[in-house]
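# Architecture at a glance
Each chain is listed here by its residues.
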Amino acid sequence: MLQVNNLEAVYNDIILVLRGISLDVPDGSIIAFLGSNGAGKSTTLTAISGLLDYEDGEIMKGTIEFDGHAIHKMDPQEIVRLGITQVPEGRRVFGELTVDENIRVGAHTRRDGKAEVEQDYNMVLGYFPVLRDRLKLQAGFCSGGEQQMMVIGRALMARPSLMMLDEPSLGLAPILMSEIFEIIKRINREEKVSILLVEQNALMALAVSEYGYIMENGRIVLDGPSKKLMENEDVKEFYLGIKEGEERKSFAEVKHYKRRKRWLS
Amino acid sequence: MGFQILIQLIITGLAWGSIYACIALGFVLIFKSTDIFNFAQPELMMFGAYIAFTLITTLKLPFVLGFFCALILMVLIGSLLEMMVVRPMIGEPVLAVIMVTLGLANVLRGLTGLFWGYEELQFPSPFPEEPLIIFGAAINQAEIYTILATAILLVIFFLFFKYSGAGISMRATAEDTRTAFLMGINVKGVFTASWAIASLVATIAGVFLASFTFLEPIMGHVGLKALPAIILGGLDSVHGAIIGGLIIGVTENLAGFYLEDYLGSGINEITAYVIVLIVMMIRPYGLFGTKEIERV
């Protein structure tokens, strides 16, 4: 459904942030997209959403295709209308709007009538019943977990076929994190929404996804079925913090410089 | 007697305050959604008033019809200005954009002078001349209409921003442009709409101001009084701009009357700025301005 082919992007005409990325999100799947800070994951999402232009960035090479449309030259609102929504990093609720308004803003591009929108609104509240008691509250005053639920709900309101989540676990308590991931899985299954999941929490992301990509320095360095990735030595050591022979790695013993990551050679 | 004067002063103050509030509202709407301080706002007001004047006196339209036509024309002009003058500047440094609006102000003023001349023109006031007697105080009817019209306008705006989908999208864009893009909101459209609405309120302010006083190309200088109103209310607060405008209008009138004997005439000219100074010392972000609500 979504195909990114050999995408190269620069910021300020000079800083090459994406050095030829290709990834593929099949229909109805959950794809994990991992990588350390500054690897270019968020830039990839920005490019897919068509926002690179507004951040002084530019796609130099490559294509992005979605359901047969070449979307890399489209306006952001057209891309949303085609069915791609993004849940941005750091939640980005509209703090001055109420929870209710925040969720409804997501339906901005919908043209299929009030009843349908209302139905989806109830669907969102069905997934996140906590929000029911908060509807009239200013979104800025809600807790981090509630805000995360709100933005996922907001993205669902556009009735997407592909939802891109940028670090939904950021700053959440572990228990909330697993709750959110549970809901993401349910949304994928029940609403037939494909999901591209950008995460720092590799363990969680690989556990829910079918396939994973690992990105470093603007390149995809490794990809494969999530189960396989979890067994990969490097992934274990650098992303999951597990080393052969030890139960769990102590941070005191981390010696990053000792061994080059195999995939860099 | 003192009581009647007080009522008179307050009502006059509210009427002037409404005008300041309308100008301030234009500033705030544009600033909030596009982060540009539009120095041409008072000139939009002046231009709108001139257009209404031409429609009513030259084309002999009835006042209400002429007024509405002027509003529609100004909405178009405002949108066009945004598309032609401001949009090419997106992404440029803020200062450059602000200089462009300053230039726009001068161009508008120059054009007005060119077309209509620099002399003062008498605006055909539609309001009855004879004063209305309330509690024994004689009130100029034009002032009452100004207050009423502004009040109605503000209620409409409140409802629009609170309940309509377009209004909510505009507020969302004002708060976070990037996320608004991600929601599929047509951000460029919102920018144009904010200029259109700002031109609309400017025209309303201009027509009422002109019917109080007269038309001249430099009438935009009243806009200088809207600045303290904005700063008082907080640069990013719509209701702050309105309340700020009313406060400035009323205190200016009261001070002008009661303090004149002690502090000399002309005290009303500086009252606004004195109030702003005091408020700034206590609340640097204005009475209703936001210190960002942040949650991480």
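Residues numbered from 1 in each chain as written. Chains lettered and ligands numbered in written order. Predicted model: local features only at pLDDT ≥ 70, side-chain atom pairs only at ≥ 80, totals over all residues. Heavy atoms only, no water.

### What to know about helix 8 (residues 187-212) of chain B
- Here helix 8 of chain B is 26 residues long and its end C-alpha atoms lie 38 Å apart, about the 38 Å a rise of 1.5 Å per residue gives.
- Most of helix 8 of chain B sits out of view: 21 of its 26 residues are buried. (Helix = DSSP H or I, 4+ residues; strand = E, 2+ residues; numbered from the N terminus. Expected span 1.5 Å × (residues − 1). Buried < 20%, exposed > 50% of the residue type's maximum accessible area, 1.4 Å probe, protein only.)

### Comments concerning the pattern of salt bridges
- Under the defined criterion, the tally for this structure stands at 20 salt bridges over all chains.
- Of the charged contacts in the structure, one is a salt bridge between E55 of chain A and R178 of chain B, with a shortest N-O distance of 2.3 Å. One end of the pair, E55 of chain A, is in the loop between helix 1 (41-49) and strand 4 (57-66); the other, R178 of chain B, is in helix 7 (residues 177-182), on a second chain.
- Since its relative accessible area comes to 27%, E55 of chain A is described here as partly exposed. (Salt bridge = Lys/Arg side-chain N within 4 Å of Asp/Glu carboxyl O.)

### Examining the nonpolar core
- Counting residues in each nonpolar core, the largest one holds 84 residues, and the members touching the most others are V105 of chain A together with I23, F123, L215 and M219 of chain B.
- The greatest single-element share of this core, amounting to 14 residues, is contributed by helix 8 of chain B.
- Setting aside chain neighbours within four positions, we find I23 of chain B in contact with Q41, M45, A205, V222, G223 and A226 of chain B.
- Counting residues in hydrophobic clusters, the runner-up holds 49 residues, among them V99, C142, V151 and L197 of chain A. (Core = buried A, V, L, I, M, F, W, Y, C linked by side-chain atoms within 4.5 Å. Contact = heavy atoms within 4.5 Å.)

### Comments concerning the layout of surface pockets
- Estimates place the volume of the second largest pocket at around 760 Å³.
- The wall of the second largest pocket is formed by 30 residues, among which E96 of chain A together with K32, R171, V238 and H239 of chain B lie closest to the centre.
- Sorting the residues of the lining of the second largest pocket by element identifies helix 1 (2-34), helix 5 (141-163), helix 6 (165-175) and helix 10 (238-258) of chain B as the ones contributing at least two each.
- Among the elements that line the lining of the second largest pocket, the one with the most residues is helix 5 of chain B, at five residues.
- A per-class count over the lining of the second largest pocket returns 15 nonpolar, eight polar and seven charged. (1 Å grid on protein atoms, 1.4 Å probe; cavity = no way out; pocket = protein on both sides within 12 Å on 5 of 7 lines; lining within 4 Å. Points joined across faces, edges and corners; volume = space filled by probe spheres on them. Nonpolar A, V, L, I, M, F, W, Y, C, P; charged D, E, K, R; others polar.)

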